[in-house]
Amino acid sequence: MSDVYVLGVDMIKFGRFPGRTVPNIGAEAALMALDDAGLTIKDMQAMYCGNLGQANAMVGQRILQEIGQTGIPVVNCANACATGATAFREAWMSIKAEMYDVVLAVGVEQMGKGLLGGAGGGDGIPKEGLLGSGTMPCVFAEAGMEHSSKYGTTFEQFAKISVKNHHHSTLNPKAMYQIETPLDDVMNAEMISYPNTKLMCSVNVDGSAAAVLVSEKKAKELGMQRAIKVRASALASDPYTDRDLVMPDVNACTRLAAADAYEQAGLGAEDINLVELHDCFATAEMLHYENLGLCKDGEAGMMIDEGHVELGGKIPVNVSGGLLSKGHPLGATGIANIYEVCSHLRGEAGKRQVDGARIGMTHVIGLGTACAIHILEKS
Amino acid sequence: MYLNYKKNLFQCYLKHKYFYGGNKNMLPAVDYLIVPDKGDPYLEGHKCNVCEAIFLGERTVCSKCFARDKMSKVKLSNNGTLYSYSIVYRSFPGIDVPYISALVDLEDGGTVKGNLINVEPDPDNVDFGMKVKVVYGDALGRKDKDGNSYMSYFFEPA
Ligand SMILES: [Zn+2]
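I will try to describe carefully the structure that is included in this document. Just so we're clear, the structure is a prediction, and the values are computed from it rather than from any experiment.

Things to note about the overall build of chain B
Then, number 1: Per the secondary structure count, chain B includes one helix and 10 strands.
Then, number 2: In chain B, 51% of the contacts between residues at least 6 apart in sequence involve partners at least 24 apart.
Then, number 3: About 8300 Å² of surface is accessible on chain B, with carbon and sulfur atoms providing 50% of the total.

Here's what the structure looks like:
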């Protein structure tokens, strides 16, 4: 099977674009990724498009209607917050399977403001606030509090994650926000669902990101200087866990995907130089230090206290600013993470560059549950 | 916030009074809550006879061990311990906040989610592993579009 390379990759600056359409926002990133690869839409043999909000509305084809209708196969994917990464992975698989040599993957989302999560509906009466809460800040708070129960993790430790990611975002011109949020500000912000304050919840933004993936043969033909090798692409669904029915799983699913990714790459966590992981809430990031094997179980609080996960630390996490400050356009997030890691591996990440980065990891998780992990290497 | 808490307590008191008046004409808020015409309401699980996994709601296949047609109904315990929680300050419009969203492991198996009531919603008053009991009462006055009343369940400190 051919190795697969990312030849071109880019994202737009995340923001709010109420006057634009979803395909229009997606088209912008698609053209940027094509330019980055030095190719045109005429060179693409297939397209995989990730979007959630209009999952039934042929977003991929509508993007081609904006940038060039060449008649190539288009597949539209929806996989919760793993949507973009799933589209990328489908593109990767099509090259692995030697169906194509040059494939485009696009992730795009236009978000409303406000709370995400189960408002109830259906028959009978609404269950929100009657049988606990199905809002995302609460669901991820409960997952974080499970960690507190086991290891004594504190509100302050969770809050420090948000301080870190907001600080990182001040170095990223493509982040939605570039503002420092000191610990006091984070802890005293409006409490949404304890222990997650408003500044510990990801930002709902519009955005898009895209990548051009190529086979090894094509990469050699076009030039390897900026090509990034995909060392692993893992996707897992949630295995059965005892509290499944009331507690959507983010841990077991991530551990399953991580084990697969490390095995595919023949690497361990100690080989990874930077990680972009799914910090949809500050409480979630804490869990994934352990789930991804960046530290032992029970050591996540120490990782943030000691600064190991900051830019300049042992294993920098979310130097882009993460979902907490860069923003979280659901369908775009999985490819935006890949763009971030590729930027570092190419040495093009500017002020936030992780020095000497050779290998990086991306992780996204969508409740329901889907977890996608990629390991990328400088070629 | 404290006043709000007192108000909630009083509402709960009223609801319990109402409940003790009988279950007549009250529909269950969820399908795993059983409201018999006579006798006490209870939570029902579906237990796999092969691997003992407990599910909420009827099913024929076990998603843990994949056994088919091995499910039996079990009455779940009204006693449990608090596994995890969050205190919800922002919810959808019209939902009273703050409240405690709680995950409770029941004695003899099964985990259920619901509101922990009769505790001031402050992390200092909520302890992991605390003993709670399942209590039943009116579903906070919520009615469906046909005006039917519903019964629900809550947790309170044991
Ligand atoms: Zn079973």
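Side note on the interface of chain B and chain A
Then, number 1: Facing the 41 residues of chain B at the interface are 36 residues of chain A.
Then, number 2: Each partner contributes to the roughly 3300 Å² buried at the junction of chain B and chain A, and carbon and sulfur atoms together form 63% of this total.
Then, number 3: Area buried by chain B at its contact with chain A is led by Y83, R90 and F92 of chain B, which between them contribute 22% of it.
Then, number 4: Across the contact surface, chain B and chain A share three salt bridges.
Then, number 5: Note that R90 of chain B is salt-bridged to E190 of chain A, the shortest N-O span being 3.0 Å.
Then, number 6: Summed over the shared surface of chain B and chain A, the number is 22 residue pairs in polar contact (both at pLDDT 80 or more).
Then, number 7: Those elements that provide at least two residues to the side of chain B that touches chain A are β4 (54-56), β6 (79-88), β7 (99-106), β8 (111-116), β9 (131-143) and β10 (149-157) of chain B.
Then, number 8: Within the side of chain B that touches chain A, the residues separate by chemical class into 25 nonpolar, nine polar and seven charged.

So, the coordination of the zinc ion
Residue and element names in this part refer to chain B.
Then, number 1: Donor atoms from the polypeptide that coordinate the zinc ion comprise C48 (SG), C51 (SG), C62 (SG) and C65 (SG), at 2.3 Å from the metal.
Then, number 2: Coordination geometry of the zinc ion: the four donor atoms subtend angles of 103 to 112° at the metal centre, consistent with an arrangement described as tetrahedral.
Then, number 3: Read from N- to C-terminus, the donor residues coordinating the zinc ion fall into the pattern C-x2-C-x10-C-x2-C. Of the two residues, C51 is situated in the loop between β3 (42-48) and β4 and C62 in the loop between β4 and β5 (71-75); the sequence distance between them amounts to 11 residues.

Quick look at the sheet that holds strand β1 (residues 4-11) of chain A
All names here are of chain A.
Then, number 1: The nine strands lie next to each other as β3-β2-β4-β7-β1-β8-β11-β10-β9, forming an open sheet whose pairing is mixed. Each of the sheet's edge strands pairs with one partner strand only, and the pair in question is β3 (74-77) and β9 (274-276). Averaged over all adjacent pairs, the angle separating strand axes in this sheet is 25°, with direction ignored.
Then, number 2: The sheet contact formed by β9 and strand β10 (residues 359-366) spans three bridges and is parallel. Note that in β10 the partner of V275 across the bridge is M361.
Then, number 3: Across the sheet, helix α8 (residues 251-265) lies against β8 (228-237), β10 and β11 (370-378), angled at about 145° from β8, the strand it touches most.

Brief notes about the nonpolar core
Then, number 1: Formed by 94 residues in total, the largest nonpolar core has its most connected members in V275, Y289, L294 and I375 of chain A together with L43, Y153 and F155 of chain B.
Then, number 2: The biggest single contributor to this core is α8 of chain A, with six residues.
Then, number 3: When neighbours within four sequence positions are excluded, L294 of chain A is seen to be in contact with Y262, A269, V275, Y289, M303, I315 and V317 of chain A.
Then, number 4: One finds W92, Y100, V203 and I338 of chain A within the second-largest nonpolar core, a separate group that totals 36 residues.

Notes on the environment of R90 of chain B
Then, number 1: Position of R90 of chain B among the secondary structure elements: in the loop between β6 and β7.
Then, number 2: The contacts of R90 of chain B, once residues within four sequence positions are left out, are L115, E190, I192 and K198 of chain A together with V97 of chain B.
Then, number 3: Polar side-chain contacts of R90 of chain B include one of 3.0 Å to the side chain of E190 of chain A.

Side note on the packing of aromatic side chains
Then, number 1: Tallied over the entire structure, the rule returns six aromatic pairs over all chains.
Then, number 2: With 5.4 Å between their ring centres and 25° between their planes, F140 of chain A and F281 of chain A make a pair best called stacked. Here F281 of chain A lies in the loop between β9 and α9 (282-291) and F140 of chain A lies in helix α4 (residues 136-151), a separation of 141 residues in the sequence. Take F140 of chain A and F281 of chain A: they sit in the same class, and that class is buried.
Then, number 3: Arranged with centres 5.6 Å apart and planes meeting at 45°, the rings of Y85 of chain B and F128 of chain B form a pair that is tilted. On the criterion of sequence distance, the pair formed by Y85 of chain B in strand β6 and F128 of chain B in the loop between β8 and β9 is long-range, its members being 43 residues apart.
Then, number 4: Judged by relative accessible area, F128 of chain B falls into the partly exposed class, the value being 30%.
Then, number 5: A connected cluster of aromatic rings, assembled from ring pairs, spans Y32, Y153 and F155 of chain B.
Then, number 6: Over the ring of F17 of chain A we find R20 of chain A; its NZ or CZ atom is 5.5 Å from the centre of that ring.
Then, number 7: The ring of Y42 of chain B carries the charged tip of K75 of chain B above its face, separated from the ring centre by 4.8 Å.

Some points on unusual backbone geometry
Residues and elements named next belong to chain A.
Then, number 1: Residue Y194 is joined to P195 through a cis peptide bond whose omega torsion reads 5°.
Then, number 2: Relative to the helices and strands, P195 resides in the loop between β5 (191-194) and β6 (196-197).
Then, number 3: For the bond from G368 to T369, the omega torsion is 5°, close enough to zero to count as cis.
Then, number 4: When you line up the elements, T369 lands in the loop between β10 and β11.
Then, number 5: One non-glycine residue, M58, lies in positive phi territory at about 55°.
Then, number 6: Along the chain, M58 turns up in the loop between β2 (46-50) and α2 (59-67).

Concerning the side chain of E156 of chain B
Then, number 1: Its place among the elements puts E156 of chain B in strand β10.
Then, number 2: Apart from the residues within four sequence positions on either side, E156 of chain B is in contact with L116, I117, N118, V132, K133 and V135 of chain B.

As for the pattern of salt bridges
Residues and elements named next belong to chain A.
Then, number 1: Tallying each qualifying case throughout the model produces 19 salt bridges over all chains.
Then, number 2: Note that K217 is salt-bridged to D101, the shortest N-O span being 3.6 Å. Here D101 lies in the loop between α3 (83-96) and β4 (102-109) and K217 lies in helix α7 (residues 216-222), a separation of 116 residues in the sequence.
Then, number 3: Relative accessible area serves as the criterion here: at 55%, K217 is assigned to the exposed category.
Then, number 4: Residue E348 pairs with R226 through a salt bridge whose shortest N-O separation is 2.8 Å. Of the two residues, E348 sits in the loop between α12 (330-345) and β10 while R226 sits in the loop between α7 and β8, which places them 122 residues apart along the sequence.

Criteria and cut-off values
Here, residues in each chain are numbered from 1, in the same order as that chain's written sequence. The naming scheme follows written order: chains are lettered A onward, ligands numbered 1 onward. In keeping with the model being predicted, local features are shown solely for residues with a pLDDT of at least 70 and side-chain atom pairs are shown and tallied solely at 80 or more, while totals for entire chains, interfaces and linings include all residues. Side-chain numbers here rest on the full set of heavy atoms in the structure, without hydrogens or water. A run of H or I in DSSP counts as a helix once it spans at least four residues, and a run of E counts as a strand once it spans at least two, with each numbered from the N terminus. Whether two residues are in contact is decided by their heavy atoms, any of which lying within 4.5 Å being enough. Accessible surface area values rest on a Shrake-Rupley calculation with a 1.4 Å probe, where residue burial reflects the displayed protein chains alone. Once two parts are brought into contact, the accessible area they lose, counted with a 1.4 Å probe and summed over both, makes up the buried area. Here a salt bridge means any side-chain nitrogen of Lys or Arg lying within 4 Å of a carboxyl oxygen belonging to Asp or Glu. As used in this structure description, the phrase polar contact means that two N or O atoms lie within 3.5 Å; if the pair is within protein, one of them must be able to donate a hydrogen and the other to accept it, and residues adjacent in sequence are counted only when both atoms belong to side chains. Residues are grouped as follows: Ala, Val, Leu, Ile, Met, Phe, Trp, Tyr, Cys and Pro are nonpolar; Asp, Glu, Lys and Arg are charged; every other residue, Gly included, is polar. In this description, a donor is an N, O or S atom within 2.8 Å of the metal centre, a cutoff extended to 3.2 Å for sodium, potassium and calcium. Water is not part of the atom list, which can make sites seem incomplete. The rule is simple: four donors are tetrahedral if all their angles sit between 85 and 135 degrees, four are square planar and six octahedral if opposite donors span more than 155 degrees and the others lie between 65 and 115, and anything that fits none of that is irregular. In short, DSSP must find at least two bridges between two strands for them to pair. Here an angle of 0 to 180 degrees is reported between the N-to-C directions of two axes, which are lines fitted to C-alpha atoms, with helices fitted over the stretch in contact. Nine residue types can take part in a nonpolar core, namely buried Ala, Val, Leu, Ile, Met, Phe, Trp, Tyr and Cys, and a core is a set of them joined through side-chain atoms within 4.5 Å. Relative accessibility under 20% of the residue-type maximum defines a buried residue, over 50% an exposed one, and the middle range a partly exposed one, all with a 1.4 Å probe and only protein chains included. Here a Phe, Tyr or Trp ring, Trp counted by its six-membered ring, pairs with any other such ring whose centre lies within 6.5 Å, and the pair is stacked when the planes are under 30 degrees apart, edge-to-face when over 60, and tilted otherwise. Over a ring means this: the NZ of a Lys or the CZ of an Arg is within 6 Å of the ring centre and within 35 degrees of the ring normal.

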